[in-house]
Amino acid sequence: MPETFESSRAPEPVGAFPHAKRVGDLLFLSGIGPRVRGSKEIPGVTLDAARNIISYDIETQCHAVFENVRLVLEDAGGGWNDIVDVTVFLTNMKDDFPIYNKLYAEYFAGEGKPNPTRTTLEINALPTPIAIELKVIAALRN
């Protein structure tokens, strides 16, 4: 039976889904964005009164989303180095990919880092006013 996990530290899901599910040694994370738990704050995003994006800082959002992924992994019994696959959704590939790709390498590539497989897609929008979301699969050792 799959085991469901809800993080008490990562932002609440925006729909009827858990943060993660474990099946055997695999942990599947739902899409994780850069939001802040318990608030409507989105690091690096400036919104107007109607919650439309006025401006955003992709670097700030990347750091926030990587931190949220780490929190979900830890709360589900895993860790950063357990990551084996990442799917990345960007809303502006042309402008954001170079910054995201540089930061991704800092977090994921190199000695002692997970170096997972990766797919990066450009999409028109995400469910909340964010510019990046990660979908992660981890292989747990315990």
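Residues numbered from 1 in each chain as written. Predicted model: local features only at pLDDT ≥ 70, side-chain atom pairs only at ≥ 80, totals over all residues. Heavy atoms only, no water.

**Q** I keep staring at the pairing of strand β2 (residues 20–23) and nothing clicks. Help me out?
**A** Within a regular strand, side chains alternate between the sheet's two faces. The alternating pattern of β2 places A20 and R22 on a buried face and K21 and V23 on a face that is not buried. Relative to β2, strand β1 (residues 3–5) runs antiparallel, the two sharing three bridges. Of the residues in β2, the one forming a bridge with F5 is A20. Across four bridges, the pairing between β2 and strand β3 (residues 26–29) is antiparallel. Counterpart to R22 in the pairing with β3 is L27. (Buried < 20%, exposed > 50% of the residue type's maximum accessible area, 1.4 Å probe, protein only. Helix = DSSP H or I, 4+ residues; strand = E, 2+ residues; numbered from the N terminus. Pairing = 2+ DSSP bridges.)

**Q** Please clarify how the sheet that holds strand β7 (residues 117–122) should be interpreted in this entry.
**A** In sheet architecture, strand pairing relies on hydrogen bonds along the backbone and comes in two forms, parallel and antiparallel. Strand order in this open sheet of six strands is β1-β2-β3-β8-β6-β7, and the pairing throughout is mixed. The sheet is open, and its two edges are formed by β1 and β7, each paired on a single side. For this sheet the average axis-to-axis angle between neighbouring strands, irrespective of direction, equals 15°. Sheet analysis places strand β6 (residues 83–90) next to strand β8 (residues 132–139), joined by seven bridges and oriented antiparallel. Residue pairing across strands places I83 opposite A138, the latter belonging to β8. Across the face of the sheet, helix α2 (residues 93–108) comes into contact with β6, β7 and β8 while running at roughly 160° to β7. (Axes fitted to C-alpha atoms, helices over the stretch in contact; angles between N-to-C directions. Contact = heavy atoms within 4.5 Å.)

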